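# Report on the structure
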Amino acid sequence: GAVVSQHPSWVICKSGTSVKIECRSLDFQATTMFWYRQFPKQSLMLMATSNEGSKATYEQGVEKDKFLINHASLTLSTLTVTSAHPEDSSFYICSARDAVGSDYEQYFGPGTRLTVT
Amino acid sequence: GENVEQHPSTLSVQEGDSAVIKCTYSDSASNYFPWYKQELGKGPQLIIDIRSNVGEKKDQRIAVTLNKTAKHFSLHITETQPEDSAVYFCAALVRSYIPTFGRGTSLIVHP
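This structure is a prediction, so every number in the text was calculated from the model and none was measured. (Residues numbered from 1 in each chain as written. Chains lettered and ligands numbered in written order. Predicted model: local features only at pLDDT ≥ 70, side-chain atom pairs only at ≥ 80, totals over all residues. Heavy atoms only, no water.)

### A short note on the interface of chain B and chain A
- Between chain B and chain A, the contact holds 22 residues from the first and 19 residues from the second.
- For chain B, the biggest contributors to the area lost against chain A are P44, I98 and F101 of chain B; these three give 28% of the whole.
- The interface formed by chain B and chain A includes zero salt bridges.
- Those elements that provide at least two residues to the side of chain B that touches chain A are β4 (32-38) and β5 (45-51) of chain B.
- The residue inventory of the side of chain B that touches chain A, partitioned by class, reads ten nonpolar, seven polar and five charged. (Contact = heavy atoms within 4.5 Å. Buried area = accessible area lost by both parts, 1.4 Å probe. Salt bridge = Lys/Arg side-chain N within 4 Å of Asp/Glu carboxyl O. Helix = DSSP H or I, 4+ residues; strand = E, 2+ residues; numbered from the N terminus. Nonpolar A, V, L, I, M, F, W, Y, C, P; charged D, E, K, R; others polar.)

Structure representation (structure tokens):
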């Protein structure tokens, strides 16, 4: 149980285009999902917290107009990188909390490798 | 806010040896301490966690100890195997709050 999927697993896009990453909780409902960014050999950096049906809460320094987050259902959150640039290339990971489970545990997706050329 | 320090950044051991990774935290209100294993190109996977009302927890070859007075917790892996090679992250959080992660430890187990 508690499986989180991400799609796509990797994507290459041209500079200036937008790319959407999906995060799904497959066997549970997630009222809260998190989006992280990870650079090589570094820790996870929280970008934003999204709650179903409400606007995402962005961490300081994260541009909300560039990283659009939508959490329209209890099983799906999306991250759209708008007008991507090479510096947006990174490993993006989502995680989700079970709506009826522990307030502590979060389940991570497998990550999406974004490369902007 | 919470600050989590993790050491060492790299740990190299021979197969069969034990490995210990240590973390300290700053917020005395933190009461949940998970450990994650991240293999190359994959997302983190929870391997063990401990809550503040427990001093030690064990799951086969993996154990976690917590010292709330000193505000530190450790991951112990016994009888290491090559497949244990990965990056390990500790984290600390207060209920429903956002976890704060350590910087990670790259564990290398040599056959």
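### Quick notes on the nonpolar core
- Grouped together as the largest cluster of nonpolar side chains are 24 residues, with contacts concentrated most on W35, F67, L79, Y92 and L114 of chain A.
- Residues L11, Y25, F73 and L75 of chain B belong to the second largest nonpolar core, which totals 23 residues. (Core = buried A, V, L, I, M, F, W, Y, C linked by side-chain atoms within 4.5 Å. Buried < 20%, exposed > 50% of the residue type's maximum accessible area, 1.4 Å probe, protein only.)

### Comments concerning unusual backbone geometry
- Here the bond from H7 of chain A into P8 of chain A is cis, since omega is 0 degrees, no more than 30 degrees from zero.
- Mapped onto the elements of the fold, P8 of chain A is located in the loop between β1 (4-7) and β2 (10-13).
- Cis rather than trans, the peptide bond between H7 of chain B and P8 of chain B has omega equal to -5 degrees.
- Mapping P8 of chain B onto the fold places it in the loop between β1 (4-7) and β2 (10-14).
- In this structure, Q60 of chain B takes a positive phi of about 55 degrees despite not being glycine.
- Among the residues examined, Q60 of chain B registers a relative accessible area of 71% and is labelled exposed.
- The backbone of K71 of chain B sits at a positive phi, close to 55 degrees, despite the residue not being glycine.
- Looking at the element boundaries, K71 of chain B is found in the loop between β7 (62-67) and β8 (72-77).
- With a relative accessible area of 26%, K71 of chain B lands in the partly exposed category.

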